[in-house]
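Structural description and commentary
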Amino acid sequence: MNPLLQVKNVTKKFGGLTANRDVSFDVEEKEILSVIGPNGAGKSTLFKMITSFLSTTSGEVFFKGEKISNLSPHLVARKGVVRTFQETTIFKSMTTHENVIVAQHLRAKATLAGYFFGTKAAREDVKKFSGTADEILEFLGLDDIRDEIASNLPQGHLRALGIAIGLATNPTILLLDEPFAGMNHDETMHTVGLVRKVRDSGVTVLLVEHDMSAVMAISDRIVVLNFGEKIAEGTPKEIQNNEKVIEAYLGSEDITIGI
Amino acid sequence: MNTFKINQLIGVAIFLFSVFVAVPYAIAASGRWDFYYTLTSVALLSIASAGVWLTFYIGRINIGQGAFALIGGYVSAILVTKAGLSFWLTLPLAGLFCAFIAVLIGLPILRLRGVYFAMVTLVLTEVSRLTMLALPITNGAKGIVSIPLPGALSIFGLTLIPDFSMLKNDKLAFYYVACVLMVICFAGMYRLVNSRFGHLCRSLQQNEELASSIGVNIAYLRIVVFAISSFLGGIGGAMFVAISQSIYPSSFQVSDSINFMLNCFLGGLGYVFGPMLGTLTLYFGWSLLFELGKYQLLIYSSLLIFLMLVLPNGLLSIRFSKMKGVQK
Ligand SMILES: Nc1ncnc2c1ncn2[C@@H]1O[C@H](COP(=O)(O)OP(=O)(O)O)[C@@H](O)[C@H]1O
Ligand SMILES: [Mg+2]
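Residues numbered from 1 in each chain as written. Chains lettered and ligands numbered in written order. Predicted model: local features only at pLDDT ≥ 70, side-chain atom pairs only at ≥ 80, totals over all residues. Heavy atoms only, no water.

1. Considerations on the domain arrangement of chain A
Accessible area lost upon the coming together of the parts is a frequently used measure of interface size. Residues and elements named next belong to chain A. For chain A, the assigned domains read domain 1 (1-80 + 171-259) and domain 2 (90-169). The gap between the C-alpha centroids of domain 1 and domain 2 is 26 Å. In this complex, domain 1 contributes 19 residues to the contact, which on the side of domain 2 involves 12 residues. Both faces combined, the contact of domain 1 with domain 2 buries some 1200 Å², and carbon together with sulfur accounts for 73% of it. The largest per-residue losses of area from domain 1 upon contact with domain 2 belong to P171, L194 and K197, which jointly make up 34% of the total buried on that side. Remark: the boundary between domain 1 and domain 2 carries zero salt bridges. The tally of links from domain 1 across to domain 2 stands at three residue pairs in polar contact (both at pLDDT 80 or more). Contributions of two or more residues to the side of domain 1 that touches domain 2 are made by α2 (73-79), β7 (173-177) and α7 (185-200). Per element, the largest residue contribution to the side of domain 1 that touches domain 2 is six residues, and it comes from α7. When the residues that make up the side of domain 1 that touches domain 2 are grouped by side-chain class, the tally is 11 nonpolar, three polar and five charged. (Domains from an automatic or database assignment. Contact = heavy atoms within 4.5 Å. Buried area = accessible area lost by both parts, 1.4 Å probe. Salt bridge = Lys/Arg side-chain N within 4 Å of Asp/Glu carboxyl O. Polar contact = N/O pair within 3.5 Å; in protein donor to acceptor, adjacent residues only side chain to side chain. Helix = DSSP H or I, 4+ residues; strand = E, 2+ residues; numbered from the N terminus. Nonpolar A, V, L, I, M, F, W, Y, C, P; charged D, E, K, R; others polar.)

Have a look at this one:
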């Protein structure tokens, strides 16, 4: 069987700077795969290319055998490959519930004109969206803050809402860029639980993360980037004992690694 | 929730009653016929402002509505005088032509945001004035004058609108037409903004990147919004031309574009009916200050600045901040 997502020889150059060099790996269905690496290693850039927010300089990305690189972001999202952002992004002046309703755009059956005239399909959509939003919020434990304006939420809730927005699009693969950034240990462990739950509901998860304890706890497999190049790939155990990885991290003197 | 709906209905009924019954009655009683022209202008300008408001709703500052009012006016004037079409047919055509132009122009410029988009639209107003000055078909600076009044509009032998040149009181007739158009426009806007279309516009306004990551075709939505906006500009412009029976390249200029934008600011960018209230206030405010002679502009601008400082969310925020409290 083909892997769900294939990253093939992807290179990205920003002028003279090579953010990704010839990166290749596969993502299998229903796994949690983490992309790790020091700051500036090109992880976010890689995510942006997978979701067509950036074009590749060379190389391609395939989803279910179909090319999805160098398209438009909304088309990639439509196919089921959806990204959340490293910078927490939500719709600030909407409530939590409204955020998740809007994010169900792709599930709409009625057309925009249909909504304007209030056709039957549109009314059914509206009802369904509200229900699904409630389900998703409950699933992620956000039902208490359903009617809060998003800009008033604390950091931990914002990340979870970001995940809720991602889930609302009904994705096949959800790409999470540093979902645990800025969280304390308890919040991180709580969110790790959420991500597992998301995967167990049938969504494949690809994530970029800095917090090593979280990555080791959560990942089925790990891909390591350094200066834009893939230097290792394997299970958490294999990565922990990989010479190259240890060297790269010790070289960067990053004390948060904890390997 | 239900009392809220009932309140809304009562509000709409009062509004319709004042516009279509109370105001004409008051004008007849007081003999101030000139008010018809003023109020008709307010109705038409608020239609054009509604378009600008919609572009605000996707996070774009639009100072180009004057261009579309001008284009719409010329399209109608030319079709009526040169092609002999009925004004009532040229009205939607003017709107559609403007929407078409908006699609062409919007494709490149809607990628711009913030002050860049604002500047380009501002330039657009000036470019359209110069174009009208230069094109042979628009008759240059002399403009198009002596445009006949709108004829009758009948469908299947049923006369919906009588021939304006036969009417004793065409001022009243124009007033009614303008108000009907305004009511249709704002009812449509209300519906639009409260449907999923409006939600998507808000998502665009708040975060275009995130909107595209949830699958919204942002380029398409932006174009549709800009086309609707310009359609309304064209309709407003064409109606104006029918009333004044003439159009010149200077009929709509940069100052008009700026006023359309100010109407939205003043009324409130968060409220569909903001542009209507804003237009009314600005237009009457300006006329009331006429007595002040050379100080008119100074006082007017100071008042505007003061209002925006005190009510950054527009006039309607007074009413709605209270209502929201009650609702929760
Ligand atoms: N739009 C851009 N233009 C130029 N350089 C960029 C751009 N985006 C990222 N970079 C550079 O590419 C490198 C990788 O960045 P990024 O993918 O954000 O790293 P990471 O997410 O791994 O920390 C960095 O050196 C960064 O400065
Ligand atoms: Mg990053």
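The structure having been displayed, the exposition proceeds.
2. Concerning the sheet that holds strand β6 (residues 81-83) of chain A
Residue and element names in this part refer to chain A. Reading across the sheet, the six strands line up as β6-β7-β8-β3-β9-β10 and stay open at both edges, with mixed pairing between neighbours. Looking along the sheet, the strands with just one partner apiece sit at the ends: β6 and β10 (229-234). Strand-to-strand, the axes of this sheet are offset by a mean angle of 15°, without reference to chain direction. In this structure, strand β3 (residues 32-36) lies alongside strand β9 (residues 221-226), joined through four bridges in parallel fashion. Directly across from L33, in β9, lies its bridge partner R221. Relative to β7, helix α6 (residues 155-168) is tilted by about 155°, and along the sheet it contacts β6 and β7. (Pairing = 2+ DSSP bridges. Axes fitted to C-alpha atoms, helices over the stretch in contact; angles between N-to-C directions.)

3. Concerning helix α2 (residues 34-57) of chain B
Along an α-helix, residues three or four apart share an orientation, since each turn contains 3.6 residues. The first and last C-alpha atoms of α2 of chain B sit 34 Å apart over 24 residues, in line with the 34 Å expected at 1.5 Å per residue. Just downstream of α2 of chain B lies G59 of chain B, where phi reads positive at about 80°. (Expected span 1.5 Å × (residues − 1).)

4. Digging into the site of ligand 1
Residues and elements named next belong to chain A. In the vicinity of ligand 1, the contacting residues are F14, L17, A19, N39, G40, A41, G42, K43, S44 and T45. At a separation of 2.8 Å, an oxygen atom of ligand 1 approaches a polar backbone atom of G40. Within the contact set of ligand 1, an oxygen atom lies 2.9 Å away from a backbone nitrogen or oxygen of G42. Burial of ligand 1 by the protein amounts to 61% of the accessible area it has alone, namely 560 Å². (Near = heavy atom within 4 Å. Areas by Shrake-Rupley, 256 points an atom, 1.4 Å probe, with all protein chains shown as cover.)

5. Things to note about the pairing of strand β4 (residues 58-63) of chain A
Residue and element names in this part refer to chain A. Pairing geometry for strand β1 (residues 5-14) and β4, over five bridges, is antiparallel. Looking at β4, one finds that T11 is bridged to S58. Where β4 meets strand β5 (residues 66-67), two bridges bridge the pair, whose relative direction is antiparallel. Counted as the bridge partner of F63 is E66 from β5.

6. Some details on the sheet that holds β1 of chain A
Residues and elements named next belong to chain A. Spatial strand order, β2-β1-β4-β5: four strands in an open sheet with antiparallel pairing. With one partner strand each, in any of the chains shown, β2 (17-27) and β5 form the two edges of the open sheet. Across the sheet, helix α1 (residues 43-50) lies against β1, β2 and β4, angled at about 120° from β1, the strand it touches most.

7. Quick notes on the side chain of S229 of chain B
Residue and element names in this part refer to chain B. For S229, the position within the fold is in helix α9 (residues 218-244). A residue is classified by how much of its surface remains accessible, and S229, at 0% relative accessible area, is buried. The residues touching S229, leaving out its near neighbours within four places in the chain, are G51, V52, T55, N62 and Q65. (Buried < 20%, exposed > 50% of the residue type's maximum accessible area, 1.4 Å probe, protein only.)

8. Observations regarding the nonpolar core
In a soluble, globular protein the nonpolar side chains are often hidden away together inside. Ranked by internal contacts, the top residues of the largest apolar core, which has 122 residues, are L140 and V195 of chain A. Per-element tally for this core: the top contributor is α9 of chain B, with 13 residues. Among all residues touching V195 of chain A, those that are not within four sequence positions of it are I32, I163, L176, F180, V205, L207 and I218 of chain A. (Core = buried A, V, L, I, M, F, W, Y, C linked by side-chain atoms within 4.5 Å.)

9. Quick look at the pattern of salt bridges
Residue and element names in this part refer to chain A. Overall, the coordinates contain 18 salt bridges over all chains when judged by the stated rule. Note that E229 is salt-bridged to R21, the shortest N-O span being 3.7 Å. With a gap of 208 residues between them, E229 in strand β10 and R21 in strand β2 connect regions that are remote in the sequence. Among the salt bridges present, the one from R146 reaches D134, with a minimum N-O distance of 2.7 Å. One end of the pair, R146, is in the loop between α5 (120-139) and α6; the other, D134, is in helix α5, and 12 residues separate them in sequence.

10. Structural notes on unusual backbone geometry
Residue and element names in this part refer to chain A. Its identity as a non-glycine residue notwithstanding, D22 has a phi of 50°, on the positive side. Considering the arrangement of structural elements, one finds D22 in strand β2. For D22, a relative accessible area of 45% translates into the label partly exposed.

11. What to know about a negative patch on the surface
On the surface, E135, E138, D143 and D144 of chain A cluster together into a patch of negative charge. With respect to the element layout, D144 of chain A can be found in the loop between α5 and α6. (Patch = residues over 30% accessible without salt bridge, like charges linked within 9 Å, V, L, I, M, F, W, Y side chains within 5 Å. Lys, Arg positive; Asp, Glu negative; His and termini not counted. Charge placed at Lys NZ, Arg CZ, Asp CG, Glu CD.)

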